[in-house]
Amino acid sequence: MTIIEVTNLRKVYGEKVVVDDVSFTVDRGEIFGILGPNGAGKTTTVECVSGLRTPDGGSISVLGMNPRLDRKKLQQRFGIQLQESVLQSRITVAEALDLYASFYERPADWNELIDRLGLNTQRNTQFGKLSGGQKQRLSIALALVGSPEIAVLDELTTGLDPQARRDTWDLIEGVRDSGVTIVLVTHFMEEAQRLCDRLAVIDAGKVIALDTPSGLASHAAAETRLQFRPSRPVNETDLLALPEVGEVHVNRGHVTIAGNENVVQAVMSLLARNHIVAGELRVDQATLDDAFVALTGNSAE
Amino acid sequence: MSKSLTKLTITEWRLFRREPAAMMFGLAMPIVLLVILGSIPSFRKHQANLGGQRVIDLYVPIVIGMGLATLCLLLLPGAMATYREKGVLRRMSTTPVPPSRLLLARMLIDFPLALIVMILAVLIGVVAFGTKVPHQPVGFLIALVLTTLATQALGLIIAAVARTEGMGRGLGMILYYPMLFCAGVWVPRADMPHVLRRITEFTPMGSGVQALQDSIAGHWPAASQLGILVGFIVVAGALAARLFRWE
C-alpha cells in the first residue's frame, strides 16, 4: 500500500532550482532511501513531504493528505528527524521527551523510548552535554515520540563513529520492525545498502534511478573483476575463449580478468582443468558505490 | 491552557532558571540600580527645579522602565533568535504545535516576573528611601500592565524575525537605548523640555514611564498615554504574529 506519493515535485529558491523533477512512492512498512550527493535536493524534498515548505510545482500526498493543507493533522502521524536541528542547550533528555510528547494527541510512552534508545543513564543530562551519538539517539526518540506511522530520518549517521553508526542501523531496523515506515535520507552507500528496501537516487534535483539497492548495483556495473597469481603462466587465448570473460590483463605474474557474474566459476574450472592453482585470489563485485558513481558521475563522499 | 502550552511554559521557566546571568541581568538590575541611586546623598535631597521632588523619586518609574526594556528588548529577542539560529524553532515546526507557541510561553513567564520585580522596586524605594507609595494605585497597576505588554510586543517583533543571535541582540540594542532615553534614564522626564517630552510620549517607554510617574504622584494616567500603550500592544503584537518565521 502506497502511503507517500510524490509526483513531479519542483522547488525553486530565487533563481536556483533545488528540486527539479522528483517522483517516487513509498509503501507502508518499508525503509525507503533517498540517496544523493550533497546539495542534490534531498533535504528540500523531505521538507516538502513533511509540510515544512511549499512546493513550487508537482503534487505530494502523504497518508492521503496534502502536507501543506492538512499539516497539523498530518504531523500527528508523521515524525521527522532533521539534520542541523538542535534543542535548547540546557534542556535534559527526559524534559525534552516529556515536552515533545505533550505536542501529540497519542504520544508514545517516552520512558520506554528512553530504554529502547539506550539513553537511560543520560535521562537528566542536558542536551548541550550529550555526545554526538547520544544527540542522534535523542533525535530519533523525538521523531518517534508521537507514535508516528511514518518517520523521516535525515542524514542520521553523519558525524558518528563506525560503531555508533552500526548501533543506529540496528535501531532503525528495530523501529521498522515495530511497524513504522521509514524514509531515510543519506549519502552513505553502506547505510543505504544495509537498510533500504528500495531507494531513489537524486542528483541535481532529479531522480536518476529508483530500484532496490542490489538491483541498482547490478544494473549500473554488471561487471565482476577477479585477480590472482597463477602457479604457472596461463594461456591468455584460452581465457579469452571463455564466453563469460570480457577482458584479460597480465601484469608481472598477476592476472586480472573482467567479465559477467559467472566469470569466477568459468575461470576457476579452466584453471582446475589445467592444474593451475590461483594464489592471492581477489574478487570485486559491483557495489552500490560503483552504481552511484556510474549514475551521478561523482563519488558519494 | 492547553497541555502543550503548560509544558512549554514550565520547560522555558526551568531553562530560564538555569541561566543565572540572564536572571540577574533582567531581574536584579532595576533593584540594584535603585539602591545605588538611592545611596547617593544628593539624590535624596528635595530639589526646587524638580518641583520639590527628589531625584530618587523620579527614578522609581525610570528603573521600572529600564528593567522592562532589558527583559523585553534584550533578553527575549536574544533568546528567540538563538532558538531560530540553532534550529530549535525548525525542530518544533515539524510537530503539530507551532513554534510561535514558544513566544507565548516566554510572555507567560516574563509578564508575571516583570510585574513582581517592578512592584518589588517600588516597595524597596518606599521602605529604604521613603519614595512615595503610588497615590493612584489602580492607575499605577494599569500603567504597569500596559507598559509591560507594550514593551513585550515591541520586543516580540524582533523575536519574530531576527535570524541569528547577533542580529537579535543588535536589533534589540537599536531599540533599547532610544527606549532608555525616552524612559528618562539620562534626562529624567520631568527635566525634559516640553517638546521632547511630547515627542517621546509616542513610544511605549515614554508614555509608560510618564503614566507610572503620574500615577505615583496621585494623578490618573492621561488617556493619550494609555491609548498609545494599547496601540503598541495591538499593532506591534499583530505585526509580530504576522512576521513570525521559524527560519
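Definitions and cut-offs
- Residues numbered from 1 in each chain as written.
- Chains lettered and ligands numbered in written order.
- Predicted model: local features only at pLDDT ≥ 70, side-chain atom pairs only at ≥ 80, totals over all residues.
- Heavy atoms only, no water.
- Contact = heavy atoms within 4.5 Å.
- Buried area = accessible area lost by both parts, 1.4 Å probe.
- Salt bridge = Lys/Arg side-chain N within 4 Å of Asp/Glu carboxyl O.
- Polar contact = N/O pair within 3.5 Å; in protein donor to acceptor, adjacent residues only side chain to side chain.
- Helix = DSSP H or I, 4+ residues; strand = E, 2+ residues; numbered from the N terminus.
- Nonpolar A, V, L, I, M, F, W, Y, C, P; charged D, E, K, R; others polar.
- Expected span 1.5 Å × (residues − 1).
- Bend = angle between axes of the 7 residues up to and from the residue.
- Buried < 20%, exposed > 50% of the residue type's maximum accessible area, 1.4 Å probe, protein only.
- Axes fitted to C-alpha atoms, helices over the stretch in contact; angles between N-to-C directions.
- Parallel < 35°, antiparallel > 145°, perpendicular 65-115°, else oblique.
- Left-handed = near helix turned anticlockwise from the far one by under 90°.

Draft legend 1. The interface of chain B and chain A, seen in detail. Chain B puts 25 residues into the contact, and the matching count from chain A is 31 residues. A per-residue breakdown of the area chain B buries against chain A is headed by R90, R91 and P96 of chain B, which together make up 28% of the total. The interface formed by chain B and chain A contains 5 salt bridges. One salt bridge connects E47 of chain A with R90 of chain B, and the closest N-O pair in it is separated by 2.2 Å. Counting across the chain B and chain A interface gives 9 residue pairs in polar contact (both at pLDDT 80 or more). Secondary structure elements with two or more residues in the side of chain B that touches chain A: α1 (3-17), α3 (55-86) and α4 (88-92) of chain B. In terms of residue count, the dominant contributor to the side of chain B that touches chain A is α1 of chain B (8 residues). Along the lines of polarity and charge, the residues of the side of chain B that touches chain A split into 9 nonpolar, 6 polar and 10 charged.

Draft legend 2. The arrangement of helix α2 (residues 20-38) of chain B in detail. All names here are of chain B. A rise of 1.5 Å per residue sets the reference length of α2, with its 19 residues, at 27 Å; its end C-alpha atoms lie 25 Å apart and thus fit the reference within 8%. The sharpest bend along α2 reaches about 55° and sits at A28, with the proline P30 one to four residues further on. Where α2 is concerned, the buried positions are A22, G26, L27, M29, P30, I31, L34, L37 and G38. Residues of α2 that are buried in the fold lie against α1, α3, α5 (101-129) and α7 (165-183).

Draft legend 3. Looking closely at the pattern of salt bridges. Residue and element names in this part refer to chain A. Tallied over the entire structure, the rule returns 23 salt bridges over all chains. Ionic pairing is found between R229 and E280, a salt bridge with its closest N-O pair at 3.3 Å. Taken as a pair, R229 in strand β10 (residues 224-230) and E280 in strand β13 (residues 278-285) lie far apart in primary sequence, 51 residues in all. Of the residues examined, R229 reaches a relative accessible area of 35% and is grouped as partly exposed. A relative accessible area of 54% means that E280 is categorised as exposed. Put simply, R10, D20 and K206 are held in one network by salt bridges that share partners.

Draft legend 4. Inspection of the packing of α2 of chain B against α5 of chain B at higher detail. All names here are of chain B. For the pair α2 and α5, the least separation of the axes is 9 Å and the interaxial angle reads 15°. Accordingly, the angle class assigned to the pair α2 and α5 is roughly parallel. The handedness of the crossing between α2 and α5 is right-handed. Taking contact as the criterion, the partners of L27, P30, I31, L34, V35 and G38 in α2 are, on α5, L113, V117, L120, A121, I124, G125 and F129. Tallied by class, residues from the contact of α2 with α5 come to 11 nonpolar, 2 polar and no charged.

Scope: geometric values only; no functional claims are made or implied.
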